[in-house]
Amino acid sequence: MTTPQAAPVRPASSAPVTARRGIRPGRLGVHAFLMAVSLAFLAPLLLAVYASLRPYDETSEHGYFSLPRHLSLEYYRQAFSDSGMTKYFVNTMIIAVPGVLVTLFLASFVAFALARLRMRGGLVLLMLFTAGNLLPQQVIVTPLYVVFNRIPLPYWMSDSMTMFDSYWAVVLVQIGFQLGFCVFVLANFMRTLPKEILEAAVVDGAGVWTQFWRITLPLCRPALAALGTLQFTWMYNDFLWALVFISDGDKLPITSALNNLRGQFFTDYNLLAAGSVIVALPTLIVFLLLQRHFIAGLTLGAGKG
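The structure displayed is predicted, hence computed values, not measured ones.

Draft legend 1. Summary view of the overall build of the chain. Counting secondary structure elements, the chain contains 14 helices and zero strands. Scanning the chain from its N terminus toward the C terminus, one meets helices and strands in the order α-α-α-α-α-α-α-α-α-α-α-α-α-α. Split into buried and exposed, the 305 residues of the chain put 36% on the buried side. For the chain, the accessible area works out to roughly 19300 Å², and carbon and sulfur atoms hold 68% of it.

Draft legend 2. Here's a closer look at the environment of G249. With respect to the secondary-structure elements, G249 resides in the loop between helix 12 (240–245) and helix 13 (269–289). Judged by its relative accessible area of 31%, G249 falls in the partly exposed class. Residues G249 and Y88, 161 residues apart in the sequence, show an inter-C-alpha distance of 9.6 Å.

Draft legend 3. Looking closely at empty space enclosed by the protein. Overall, the coordinates contain one cavity of 30 Å³ or more when judged by the stated rule. Around the largest cavity, the lining residues are T92, I95, V170, Q174, M235, Y236, D238, A242 and P253. Among the elements of the structure, helix 5 (85–116), helix 8 (167–191) and helix 11 (221–237) are those that each provide at least two residues to the lining of the largest cavity.

Draft legend 4. Summary view of the nonpolar core. The biggest cluster of nonpolar side chains holds 63 residues, and the ones touching the most others in it are M85, F148, V173, L186, W241, F245 and I254. Excluding anything up to four places from it in sequence, I254 contacts M85, Y88, F89, T92, Y236 and V279.

Draft legend 5. Expanded view of the pattern of salt bridges. Evaluation of the coordinates by the stated rule reveals four salt bridges. As a salt-bridge pair, E74 and R77 come within 2.5 Å of each other at their nearest N and O atoms. Of this pair, E74 and R77 both sit in helix 4 (residues 74–82), three residues apart, roughly one helical turn. Between D250 and K87 there is a salt bridge, and its shortest N-O distance comes to 3.1 Å. One end of the pair, D250, is in the loop between helix 12 and helix 13; the other, K87, is in helix 5, and 163 residues separate them in sequence. Judged by its relative accessible area of 45%, D250 is partly exposed. Residue class for K87 comes out partly exposed when judged on its relative accessible area of 37%.

Draft legend 6. Representation of the confidence of the model for the chain. Averaged over all residues, the pLDDT of the chain is 85; the fraction at 70 or higher stands at 89%. Least confident of the elements in the chain is helix 1 (residues 15–20), whose mean pLDDT is 48; most confident is helix 7 (residues 141–150), at 93. For the stretch residues 13–19, pLDDT sits under 50, and the model shows zero contacts to residues farther than four places along the chain or on other chains.

Draft legend 7. Up close: unusual backbone geometry. Positive phi values are uncommon outside glycine, yet M161 reaches one of about 65 degrees. Mapped onto the fold, M161 is located in the loop between helix 7 and helix 8. Although it is not a glycine, D165 sits at a positive phi angle of roughly 60 degrees. As for its placement among the helices and strands, D165 is situated in the loop between helix 7 and helix 8. Looking at D165, the relative accessible area reads 10%, which means it is buried.

Draft legend 8. Representation of the packing of helix 5 against helix 10 (residues 208–219) in the model. The N-to-C vectors of helix 5 and helix 10 enclose an angle of 115 degrees; their axes lie 11 Å apart at closest approach. Considering their axes alone, helix 5 and helix 10 lie roughly perpendicular with respect to each other. As helix 5 packs across helix 10, the resulting crossing turns out to be right-handed. Only V208, W209, Q211, F212, W213, T216 and L217 of helix 10 make contact with helix 5, whose side of the interface consists of F105, S108, F109 and F112. The class makeup of the residues in the contact of helix 5 with helix 10 is eight nonpolar, three polar and no charged.

Draft legend 9. Up close: the packing of aromatic side chains. Applying the stated criterion across every chain yields a total of 13 aromatic pairs. Taken together through their ring pairs, the aromatic side chains of F105, F109, F112, W209, F212 and W213 make up a single cluster.

Cut-offs used in this document
Each chain carries its own residue numbering, running from 1 in the written order of its sequence. Reporting in this predicted model follows two pLDDT cut-offs: at least 70 for local features of residues, and 80 or more for side-chain atom pairs to be given and counted; totals over whole chains, interfaces and linings ignore these cut-offs and use all residues. Just so you know, side-chain values use all the structure's heavy atoms and leave hydrogens and water out. A helix here means a DSSP run of H or I that spans at least four residues, while a strand means a run of E at least two residues long, and both kinds are numbered starting from the N terminus. For every residue, the accessible area obtained with a 1.4 Å probe (protein chains only) is divided by the maximum for its type, and the residue is called buried under 20%, exposed over 50%, and partly exposed between those limits. Note on areas: these come from Shrake-Rupley sampling with a 1.4 Å probe, and a residue is covered only by the protein chains present in the view. Detection works on a 1 Å grid of protein atoms alone, calling trapped sets that fit a 1.4 Å probe cavities and calling open sets with protein on both sides within 12 Å along at least five of seven lines pockets, with lining residues defined by an atom within 4 Å of a point. Grid points are joined across faces, edges and corners, and a volume is the space filled by probe spheres set on the points. By convention a nonpolar core is built from buried Ala, Val, Leu, Ile, Met, Phe, Trp, Tyr and Cys residues, the set being connected through side-chain atoms within 4.5 Å. The contact criterion used is simple: two residues touch if any of their non-hydrogen atoms lie within 4.5 Å. Whenever a carboxyl oxygen of Asp or Glu lies within 4 Å of a side-chain nitrogen of Lys or Arg, that contact is scored as a salt bridge. How sure the predictor is of each residue is captured by pLDDT, a score from 0 to 100. Each axis is a line fitted through C-alpha atoms, taken for helices only over the stretch in contact, and angles between the N-to-C directions span 0 to 180 degrees. Orientation labels follow simple angle bins: below 35 degrees gives roughly parallel, above 145 gives roughly antiparallel, 65 to 115 gives roughly perpendicular, and whatever is left gives oblique. The sense of a crossing depends on the near helix, which, turned anticlockwise from the far helix by less than a right angle, makes the crossing left-handed and, turned clockwise, makes it right-handed. Under the grouping applied here, Gly and all other residues not named as nonpolar or charged are polar, the nonpolar ones being Ala, Val, Leu, Ile, Met, Phe, Trp, Tyr, Cys and Pro and the charged ones Asp, Glu, Lys and Arg. Here a pair means two rings of Phe, Tyr or Trp (six-membered ring of Trp) with centres within 6.5 Å. Their orientation is stacked below 30 degrees between planes, edge-to-face above 60, and tilted elsewhere.

Written out as structure tokens, the structure is:
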């Protein structure tokens with residue numbers, strides 16, 4: 001006696017699902033709002049690029065929102081040569097690159113100790129690092145100015161023989177102000193990592209340094225890339241600390257190079273726009289290179305499961 005075979009189950013058609021997932025008015029409204037906000041943020045940059053390609057006489061006669069009669073890259077050549085941007089680019093890299101690397105290196109150590117090691121008062125210490133970001137930077141400009149003038153340095157570190165008028169002062173301040181934010185982000189990110197990984201490493205005989213350097217730090221690559229992008233952008237665009245602690249014009253960062261394009265009695269704003277676009281290019285390149293890791297670092301830990 002043969003048993004009847006069950007009829008094969010056919011997969012349900014995806015047509016009803018597709019119909020249910022049609023475009024809804026609410027979704028259209030959200031996308032329209034996001035596009036409007038994106039254009040609002042991009043409008044100044046697009047206007048600067050557009051103005052940098054046009055002669056100043058044309059924009060002064062017909063306005064910045066008029067159709068172009070003549071487009072060229074002459075302003076970019078002039079902005080790069082007249083302001084001496086090569087020297088200022090090097091000065092900025094001397095400040096930004098060590099500042100970012102040292103900040104992330106120290107922050108990862110502190111974050112690992114707070115997130116993975118059982119420390120008394122760890123939460124209080126994390127709160128202190130976070131509270132340091134709430135302190136307005138302008139409050140301590142005068143005390144730091146006085147202190148840096150009294151800290152001696154050898155000539156090979158500073159030609160002024162003090163911390164003042166040296167790259168060390170700007171780098172030190174950048175590290176001090178950005179360290180708390182990086183510790184806060186990395187400590188919370190490390191808490192989301194599975195504890196079983198470190199427990200298995202401890203069973204295999206891994207010490208604290210191995211747990212940090214070979215296990216935890218590689219897993220924090222997305223967070224480190226996201227923080228590195230943000231820190232480089234902030235240190236690269238900073239103008240206050242270099243202006244306060246550096247008196248030698250040849251040591252100033254790239255943000256001060258734009259001031260060289262301003263005349264005493266007349267300023268060609270199209271030339272200034274071209275210089276601004278050139279100055280913004282390195283941060284754009286860094287973001288494009290680290291875009292995948294940057295987005296992953298922002299989205300990891302956003303959901304559970």
